[in-house]
Every structure is written in C-alpha cells, then in structure tokens.
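Next come the chains, spelled out residue by residue.
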Amino acid sequence: MSGFDTRAVHAGQDFDPTTGAVIPPLHFSTTYAQDGIGGLRGGYEYGRSGNPTRTALETQLAALEGARHGLSFASGLAAEDALLRAVLKPGDEVLLGNDVYGGTYRLLARILAPWGVGLRVAEMTDLAAVEAALAEGPTRILWVETPSNPLLKVSDITELARLGHAAGALVVVDNTFASPALQQPLSLGADVVVHSTTKYIGGHSDVVGGALVTNDDELAEKVRFLQFAAGAVSGPMDAWLTTRGLKTLGIRMQRHSENAQVIAEFLDAHAKVQTVYYPGLPQHPGHELAARQMSRFGGIVSVGLADAAAARRFAESTRLFTLAESLGGIESLMNYPDAMTHASVRGTELAVPDNVVRLSVGIESVADLVADLEQALDQI
Ligand SMILES: *Cc1c(COP(=O)(O)O)cnc(C)c1O
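Basis of the calculations
Residues numbered from 1 in each chain as written. Predicted model: local features only at pLDDT ≥ 70, side-chain atom pairs only at ≥ 80, totals over all residues. Heavy atoms only, no water. Pairing = 2+ DSSP bridges. Helix = DSSP H or I, 4+ residues; strand = E, 2+ residues; numbered from the N terminus. Contact = heavy atoms within 4.5 Å. Axes fitted to C-alpha atoms, helices over the stretch in contact; angles between N-to-C directions. Salt bridge = Lys/Arg side-chain N within 4 Å of Asp/Glu carboxyl O. Buried < 20%, exposed > 50% of the residue type's maximum accessible area, 1.4 Å probe, protein only. Domains from an automatic or database assignment. Core = buried A, V, L, I, M, F, W, Y, C linked by side-chain atoms within 4.5 Å. Polar contact = N/O pair within 3.5 Å; in protein donor to acceptor, adjacent residues only side chain to side chain. Near = heavy atom within 4 Å. Areas by Shrake-Rupley, 256 points an atom, 1.4 Å probe, with all protein chains shown as cover. Expected span 1.5 Å × (residues − 1). Arc of directions from axis to C-beta. Phe/Tyr/Trp six-rings, centres within 6.5 Å; stacked < 30°, edge-to-face > 60°. Left-handed = near helix turned anticlockwise from the far one by under 90°. Nonpolar A, V, L, I, M, F, W, Y, C, P; charged D, E, K, R; others polar.

> What exactly am I supposed to notice about the sheet that holds strand β9 (residues 300–304) here?
Across a sheet, strands are paired by hydrogen bonds formed along the backbone, either parallel or antiparallel in direction. Taken together, the five strands give an open sheet; going across it, the order is β8-β9-β12-β11-β10, and neighbouring strands pair in mixed fashion. Of all strands in the sheet, those with a lone pairing partner are β8 (275–277) and β10 (322–323), marking the two edges. In this structure, β9 lies alongside strand β12 (residues 356–360), joined through five bridges in antiparallel fashion. Bridged to Gly304 within β12 is Val356. Where helix α12 (residues 308–315) meets the sheet, its contacts fall on β9, β10, β11 (333–335) and β12, and the angle it forms with β12 comes to roughly 25 degrees.

> Would you mind showing me how to read the pattern of salt bridges here?
Side-chain pairs of opposite charge can arise whenever the charged atoms involved come near each other. Here the structure, examined in full by the defined rule, presents 12 salt bridges. Of the charged contacts in the structure, one is a salt bridge between Asp92 and Lys89, with a shortest N-O distance of 3.4 Å. Taking the shortest distance from any N to any O, the salt bridge between Glu136 and Arg120 comes out at 3.6 Å. Highlighted residues: Glu136 in the loop between α5 (127–135) and β4 (141–145) and Arg120 in strand β3 (residues 118–122), separated in sequence by 16 residues. The class of Arg120 is buried, set by a relative accessible area of 11%. Via salt bridges that share partners, Arg54, Glu58 and Arg224 belong to a single interconnected network.

> Would you mind showing me how to read unusual backbone geometry here?
Both trends apply: most residues other than glycine have a negative phi, and most peptide bonds are in trans. Cis geometry marks the peptide bond from Thr146 to Pro147, where omega comes out at -10 degrees. Within the secondary structure, Pro147 is located in the loop between β4 and α6 (157–166). With an omega dihedral of 0 degrees, the bond running from Asn149 to Pro150 counts as a cis peptide bond. The topology assignment puts Pro150 in the loop between β4 and α6.

> Sorry, what's going on with the domain arrangement of the chain here?
Many analyses report the size of an interface as the accessible area lost when the parts associate. Here the chain is partitioned into domain 1 (4–246) and domain 2 (249–378). Centre-to-centre, using C-alpha coordinates, domain 1 lies 26 Å away from domain 2. On the side of domain 2, 36 residues touch domain 1, which itself brings 34 residues to the contact. If you look at where domain 1 meets domain 2, you find zero salt bridges.

> Even after reading the chapter, I still don't get the nonpolar core, so can you show me in this structure?
Inside soluble globular proteins, nonpolar side chains tend to come together where they are buried. Core analysis: the biggest nonpolar cluster contains 28 residues, and Ile263, Leu267, Leu305, Phe314, Val357 and Leu359 have the highest contact counts within it. Secondary-structure elements contributing two or more residues to this core are α10 (249–268), β9, α12, β12 and α13 (366–378). Excluding its chain neighbours within four sequence positions, the residues that come into contact with Val357 are Val301, Ser302, Val303, Leu305, Ala311, Phe314, Ala315, Met334, Asn335, Tyr336 and Pro337.

> What am I meant to see in the side chain of Asn335 here?
The topology assignment puts Asn335 in strand β11. Here Asn335 falls in the buried class, since its relative accessible area comes to 1%. Looking at Asn335, its side chain comes within polar contact range of the side chain of Thr341, at 2.9 Å. Once you skip the residues sitting within four places of it in the chain, Asn335 turns out to touch Ala324, Met340, Thr341, Val357 and Arg358.

> What is the right way to look at the site of the ligand in this model?
Ser75, Gly76, Leu77, Glu80, Tyr101, Glu145, Asp174, Thr176, Ser196, Thr198, Lys199 and Gly209 make up every residue found near the ligand. One nitrogen or oxygen atom from the main chain of Gly76 is found 2.9 Å from an oxygen atom belonging to the ligand. Between an oxygen atom of the ligand and a main-chain N or O atom of Leu77, the distance comes to 2.9 Å. Look at the ligand: alone it shows 390 Å² of surface, and the protein chains cover 92% of it.

> What is the right way to read helix α8 (residues 217–230) from this model?
Because each turn of an α-helix spans 3.6 residues, side chains separated by three or four positions in sequence point in the same direction. Spanning 14 residues, α8 covers 20 Å between terminal C-alpha atoms, matching the ideal 20 Å at 1.5 Å per step. Leu219, Ala220, Val223, Leu226 and Gln227 are the residues of α8 that are buried. In an axial view of α8, the angular spread of the buried residues amounts to 120 degrees, which keeps them on one side of the axis. Away from its buried face by more than 90 degrees, α8 exposes Glu218, Glu221 and Phe225. Against α2 (52–64), β1 (69–73), α3 (76–87), β5 (170–174), β6 (192–196) and β7 (210–214) lie the buried residues of α8. The backbone nitrogen of Glu218 has a side-chain oxygen 3.2 Å away, supplied by the residue at the start of α8, namely Asp216. Where α8 terminates, the next one or two residues include Gly231, which has phi positive at roughly 85 degrees.

> Honestly, the packing of aromatic side chains in this entry has me stumped. Any pointers?
Within a pair of aromatic rings, the relevant descriptors are the distance that separates the centres and the angle that separates the planes. All chains considered together, the criterion is met by two aromatic pairs. Their ring planes at 35 degrees and their centres at 5.6 Å tell us that Tyr32 and Tyr44 sit as a pair that is tilted. Taken as a pair, Tyr32 in the loop between α1 (4–10) and α2 and Tyr44 in the loop between α1 and α2 lie far apart in primary sequence, 12 residues in all. Each member of the pair, Tyr32 as well as Tyr44, is classed as buried.

> What is the right way to read the packing of α2 against helix α9 (residues 236–246) from this model?
How two helices sit against one another is set out by the angle between their axes and by the gap between those axes. Two elements in contact, α2 and α9, have axes separated by 8 Å at closest approach and are oriented at 35 degrees. Crossing of α2 against α9: the hand is left-handed. Touching Thr53, Arg54, Ala56, Leu57, Gln60, Leu61 and Leu64 of α2 are Pro236, Ala239, Trp240, Thr242, Thr243 and Leu246, all from α9. Its residues assigned to classes, the contact of α2 with α9 comprises eight nonpolar, four polar and one charged.

In structure tokens:
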C-alpha cells in the first residue's frame, strides 16, 4: 500500500473519464438514468442510497485508515447513531470512558437508554478498572476516545481492544482528536473507528460531517443499510468539501502538532500557568503511550490557570485565537469548556475543572500565536 499522503491525494480521486477533469466532478443529481428498467450505469439510482461524490469520500476515508469500508454521514453524531442502532438491541450494555465527547454521552443517555440500552462508565486509562467494569456483566460495545477532550488523557487502544474482545465486546474508537494521520486504531486491534469529520478531517471549519471505517464486512453491511434506510448521509457539497480537506490532512497535522508543541512548552514555562495538558510534554502521564500509539501528539493543548476568573479572562483576551466552540480547523480557536463545550456536564462526574482553557492550535506562524498568548496572559 502506498504512503499516507499519497493515498490522501489519490484514493477515490481518479480523473473524470468523460472530460479528463483532474478533480472528480461534484455530483448534485438526486436520480440516475436507467438503460432499461434496472439498468444502472455505476450502481447509482437515487441520492440517498448512493452518490458518486460520497463514494469518492468513502473510498478516501477507508484508504486512509487502511480499512475495507468507509461510510460518510451528515455529522459525527449521525455516524455514531447509525453504528449504535446497527449493533445494539434492548438489553445490551455499552461501557464508555468517563470523559467521552459530551454528545456521545447524550446520544446514549437520552436517546438509546430510553430504548433499553444500558450504560456503564469507566476510567479508560486504568486497565484494571476497565477489566472490573467489563466483569460486571455482558458488554456489547466498549467505546474508547483517545486522546480525550479536553484533558488529553491517553488510553491504550491495544490493551483495551484485548480486554474488550476477551469480554466479547465490539471495540469502537472515536479517532476525531488524532485523525487517521496520527493514529490508526484498526491496526491496533479496534473493530470500528468513528470520526467527526467536522474537525481535523474537514479541517477548515466549513463543513459538518461524520464517518465510520471498519474491516468488518457484516457490520459495514448493517450500517450501510441504516445509512440507506434512515438517511443521515452526507450531502454532495459536504462530501466534496471533506474530500478536499482530507487531501491535506497529513501536512496539516504535522503543522498543528509542531505549533502545539511550541505552545505547550511556552505555557509550561510561564509563571501564570499552573498545568499544561499536552501528551507531547514528557511529564504528561500518557506521554510514553502516546509516543508509541500516535505518530505525533496532535494540535490540542489545554491549560490550567490559577482559578476560574483567570481562565475566563485569558480566554477572552486573545486576538488571534478566536473564542469559539469546535476544533481542528486551520485557524486557532480558544474554548472555555466549563461554560462552552462542556456546559451540559457541569456539576456531574464528567465536569471539566473551571480553571481550564482548551486551545485548538492552528497552522498560523507559531511566533504570532505565542505572542498572542503572551499578551493575553499579561492581562490576567
Ligand atoms: C465533535 C465531536 C463529535 C461529534 O461530531 P459532530 O460532527 O459535531 O456531530 C464526536 N466526537 C468527538 C471527539 C468530537 O470532537
């Protein structure tokens, strides 16, 4: 198989055979002419069941994760929903990390639990705790997210896959934070990878989307049926924008990671900073594991300041880092989790400390980013 960046540029991106257009055309058509009843020209009949632009993205997604199947959806949560409904039935149980993406928890707790799905929560960085939680009862799905949001905890995909499989569970990894450029969970033993392509894969903060990749033929078939029967597919424009973003994923992740490392080291040395959460720092508890499991440490850096007031002031004082939710775009973003992305888990065991600020480090010139953070820290 060719290198990652070669696959990113070429997989699913063959030039158009009729015109020679180097970039595959964006297909908006919702329906396809048939050569006699049932005579389909490329397997396409109706836009919900299939669209060539979506196929191009799905081929590219599968190739980048070294998988047989890639499926793309209208959002990350739509991908998760299709997967969960394809796999679970009433009475089944899911074991998930105690710091999974809030929307994943909400989907399970508010939508699937009322249909009879049971939830258990464990600390995924503690393998003994996970083993004990698996021993509590049959587990249909083990749901892992690493690095986690926003405290960048790193959990061991290889070991979790081993424990999950020994307990008969399907092992799912939410790979949104690392992206396939930095981490390949299927090669570490996971059964399914899900993504919010809204983040690094799209990479430009201009398209919401989700994806799922797997080597499991039977599971892919079931999810594909849900994609068709329930319809939470990507629209053609969304698929095309995501494909375009995906082509530069490798080079973007390299720059995001390099900038984040410089910023983490700068913050770590700053007198007003209490804690820096970044797996690229040697003192981070997940540093060695991340160095083994990921090819780089990623673009998200979280930082703990003296108290909530200092964190809020810092978050509101940057000029280049824009105060906004989401992450993974080329522009740097600043987030105050307690009142923004994680407001819904305030006061619960999933709450984020109120002195923490999360930075999504962009690809700008790093000296400008550091200068911006420095002037913001001067204001607290
Ligand atoms: C954003 C995000 C999701 C949800 O994806 P949407 O595209 O917003 O539906 C899931 N997991 C993680 C880790 C995320 O950051």
